[in-house]
Amino acid sequence: MSELVDNPATRRIMNLASGAAFAGLGLFLIIASQQFEDAGRSTPVFIGCGLMALAVLLIVTEIAKSEFLPIPESDGGSGRRRLVFVVLMAVWILTLPYLGFLFGCSLMFILVAMAVPRSKPWTIRSIALHALSGIITTIGFWFALTYLLSVPLPVPSIF
Amino acid sequence: MEFLAYAGAATSPTILAIAVAGLIIGIVLGALPGLSSTFSCAVMLPVSFSMDPTTGLIFLGTVYMGSTYGGSFAAILVGTPGTPQSITTTFDGFPMAKRGDGGLALSIACISSVFGGIFGIIVFLWLAPPMAKFALLFGPAEYFWLALFGLTIIASLSEGNLIKGLVSGFLGLALSQIGVSVVSGDMRFTYENTALIGGIPIIPATIGLLCMPVAIDLIANVTHHLEAPMHARSTRFKESVAAIWARKLNLLRSSVIGTVIGIIPAAGGAIASLVAYAEASRAAKPDDRYGEGDPGGVIASETANNATVGSGLIPTFVLGIPGTPTDAVILGAMMVHGVQIGPRMFSEHIDIVYTFVGGMLLATVLMLPIGLLLGRYIYMAVVKMPKTYLVPMVTLMLLIGAFAIQNSYDDIVIMFCLGVLAWAIGRFGYPAAPVVLGLLLGPIAEQGYAQALMIGRAKQDVGGIFFGSTVSMVLISCIVASIFLPPLLRKISTLQTKGMRNV
Amino acid sequence: MKFPTVLFLSAVVTLVSLEATAPAYAYPDKPVQLVVGFGPGGPTGIAARFMQKRFEDITGQSLNIVNKPGAGGAKAWSQITKDKKDGYELTLLNFPHTVLQPIARGKNAGYTYDDIQPVLYYTSVPQVVAVRAESPFKTFEDLLAAMKASPGKITFGGAGIGGSNHSAFYKFNKAAGVTGAYVPFKDSSSTITALKSGATDAVWTFTTQGVKDGDSIRMLAMAADTRIALFPELRTLTELGYPVIDMAWWAIGVPPGTPDDIRKQVSDTFEKVVMNPEVKSDMEKGGYLPLVIPFPESITYKAKLGDDYSAVGKALAK
């Protein structure tokens, strides 16, 4: 993924595509607001117009002078790991109501930990150590939140 | 002076112990992303019931002060704001930490917070009644211009990428439209989803928009999270004092900005630190590196947000109007404790006020050694922690932070979705911070505009409402200056350089 | 008799006697959660905190308050159906908000009036029309005269569109045959701030604000039919000739489907808390009127409020 942004053609496509997307959002806002009353309509319409105007400006600037719209290079790194992380986090969140806080977080802690790249390979010992710290951290937060802060954390619903 | 007599009462061992406890609790809660000062005070409210009114107030006050400072810990070390007031601390604090200056950033944050905190309290002590009148100058029109001014700050935060910054800001504005419209009663853009009925909640949104991209990037590389500092165990105290002294104008200006904005009802530390940061970066000299790790950014942000703690109490105590969102909790606490609030406080309960101020001053001064000590240990812990522990830990904290304030699972989902969105638009070159700004300021701008319009129409003098007051005109000039001044100044300096070359 | 039979019978007897002598306050045996649909500093939040203060002393368990502000309370009320029906997950209910919102918002409300199940009404607060201390309107008559002289020009602040304050504004104007301009604000706090800054001429708010703000606001009339002890000089709209009664009521609510015996337990427990002399005195000093309607009368009261306000609700929703 890191090479993409240096390529002017890709950059142009990215800028134009995002510009179009925001213009679309602006249009959506304007149209969807028509059902509201006067007072509630004016602000979304204003925002929609603003978005469309800015998007048009963006597209025009991109076509005219592409140096004005840089896209920052990513600081390298593996796109695949990022995806794995996002998926893991989604799974964590989705299973939270079923597994509850204690089980869910202890489990996901070690899974996320294993997704992190590290120079040393994973041994049984390091996995166990991480799993243990995950469990202890989870319990610690659970205790602090439930008893000290009176925040009830999700409880498992499948048991 | 009777102040000393009552304030002296605050030096009793019990009160001192409770104040220090409140400070530490506040710092810890504030450091956890998502646990805002308002939440921390609300959660500690029942604890304060077992204390007498004055002590209870001091306790809550120190939790407030501590949590405002504590937010800088997460902001600097993990790049995620611990409280909304420390959003701007991430802009420079985190880059500083990444290059090994985390200890310096933390010490600077500590000293700035203490300075700002004391400044705000002293203004409260000496200037409360006259300054309270200032709070009353803000009606809907003035809030509208204030919010607009806040939005123009987006321009100064998106150097070199103005259009995309503004697009992000407008995206934030669009998101702020979700939910019930205060001004018309319409339910907008919720599509019958109960999670969105209350609109996009600001704290989960902040965590998602600002913290998740950081977490996503953390996992991508093997390289260590923060560069290890050269001198492992020092707090770099002397260096931070020197850095602050070199920027004393910034320190003073940010204290004033924070104090003034704290007085404006409902404005709060987030807006104060934002304006202070913007002003500091606007006043920056050419070799300053705002946005890339300039100590001035941390100074501006932390001084301003702690100043609002003291000054926010001015309208709270004198007028019974909360100066900041957290002051609403403190007002509530006073009612529950049976302290008669409102204008009579300064006449009938001056002893409570003075003892309270005495306690707050003492605690804020103590925040310096406590903060530096805590800072040093936490810093070393985070620096040494391998990413394989850090990443899941941070992820866990993000989840808890999104959930805790309203016990809402939906908020976690919102946090996640916005986080992925922020990361995605970031890849296309759109900054995430302006989205938060739009989300925060959108409702203020909309309500101010619509209310002013309604009043103007009723009085048949719309122009008078919007442009009639001094405050409005001052704010409008600030807006104009903030839009046109930076390019103008740049033009002048390029002309100067050209002139110098010709000589 | 044989030994096992004796054992069995004595077990049954023990169980039955336990049931019969179960103390009314075996509930609660763990902390109780109360969700409040407003912020911690507003009138609803504070009423809850008064109870929280003494709850542990009275019942032995703590009362945890969770503030879930949003959509004028709807955010909290839309989550009611997800709560456990064991009496430990309660929600604070506001009336007439819960009547008016489903009418005004329809499917977008997030809940229906049927989801609202009060087990104990514990206080009511009358609305008042007020101006700031420096206002030229010294009496109610001044305000009324001004409204007649300049129809539509006198501005009234209130919390939200379609809420209590709006309803009082509407009902009064109808009864008196005058018009004004209603300006909605996010919550009671912002409404009063706007009043004090001079942005609005007057407000429709609650007596609790009168307590909070003391001398800086002047309450001109109260939308009730009898005067209250806290403000003996405050005249009622009824005695002024306009029979407009508009109050806000607060109740403790359980999720629909909660068994009746649990409802009774919750109702009894909170009734005990609210009737505690210190809690009672705190609330009265704060401007909250005592009103206790326990379960099962609370259900009939709920229906009555629903009928009373449905017409107003439909009018405001247009």
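## A look at the overall build of chain C
Within chain C, the secondary structure is distributed over 11 helices and 10 strands. With respect to the three principal axes, the spread of C-alpha positions in chain C is 95 × 40 × 30 Å. The 318 residues of chain C split such that 61% are buried. Surface accessibility of chain C: about 12200 Å² in total, with carbon and sulfur atoms responsible for 59%. Of the charged side chains in chain C, 33 are positive and 30 negative, and the gap between their average positions amounts to 6 Å.

## Some words on the interface of chain C and chain B
On the chain B side, the residues contacting the 49 residues of chain C number 49 residues. Taken together, the two surfaces of chain C and chain B that pack against each other cover about 4000 Å², and 60% of this comes from carbon and sulfur. For the chain C face of the interface with chain B, the top three residues by lost area are Lys75(C), Asn108(C) and Lys212(C), together amounting to 15%. Our count for the contact surface shared by chain C and chain B stands at three salt bridges. Between Asp201(C) and Lys459(B) there is a salt bridge, with the nearest N and O atoms lying 2.5 Å from each other. Summed over the shared surface of chain C and chain B, the result is nine residue pairs in polar contact (both at pLDDT 80 or more). The residue inventory of the side of chain C that touches chain B, partitioned by class, reads 17 nonpolar, 18 polar and 14 charged.

## Quick look at the nonpolar core
Among the nonpolar cores identified, the biggest contains 203 residues, and Met51(C), Phe95(C), Tyr122(C), Ile252(C) and Phe270(C) are the most heavily contacted of them. It is helix H5 (residues 87-135) of chain B that provides the largest number of residues to this core, a total of 18 residues. In this structure, Tyr122(C) is in contact with Ala47(C), Ala48(C), Met51(C), Leu92(C), Trp250(C), Ala251(C), Ile252(C), Val274(C), Met283(C), Leu289(C) and Leu291(C), ignoring residues within four places of it in sequence. In this structure, Ala147(B), Tyr290(B), Val435(B) and Ile476(B) belong to the second largest nonpolar core, which totals 72 residues.

## Notes on the side chain of Ser18(A)
In this fold, Ser18(A) is placed in helix H1 (residues 8-32). For Ser18(A), the side chain forms a polar contact with the main-chain oxygen of Asn15(A), separated by 3.1 Å. The residues touching Ser18(A), leaving out its near neighbours within four places in the chain, are Leu58(A), Phe428(B) and Tyr430(B).

Rules used throughout
Residues numbered from 1 in each chain as written. Chains lettered and ligands numbered in written order. Predicted model: local features only at pLDDT ≥ 70, side-chain atom pairs only at ≥ 80, totals over all residues. Heavy atoms only, no water. Helix = DSSP H or I, 4+ residues; strand = E, 2+ residues; numbered from the N terminus. Buried < 20%, exposed > 50% of the residue type's maximum accessible area, 1.4 Å probe, protein only. Areas by Shrake-Rupley, 256 points an atom, 1.4 Å probe, with all protein chains shown as cover. Lys, Arg positive; Asp, Glu negative; His and termini not counted. Charge placed at Lys NZ, Arg CZ, Asp CG, Glu CD. Contact = heavy atoms within 4.5 Å. Buried area = accessible area lost by both parts, 1.4 Å probe. Salt bridge = Lys/Arg side-chain N within 4 Å of Asp/Glu carboxyl O. Polar contact = N/O pair within 3.5 Å; in protein donor to acceptor, adjacent residues only side chain to side chain. Nonpolar A, V, L, I, M, F, W, Y, C, P; charged D, E, K, R; others polar. Core = buried A, V, L, I, M, F, W, Y, C linked by side-chain atoms within 4.5 Å.

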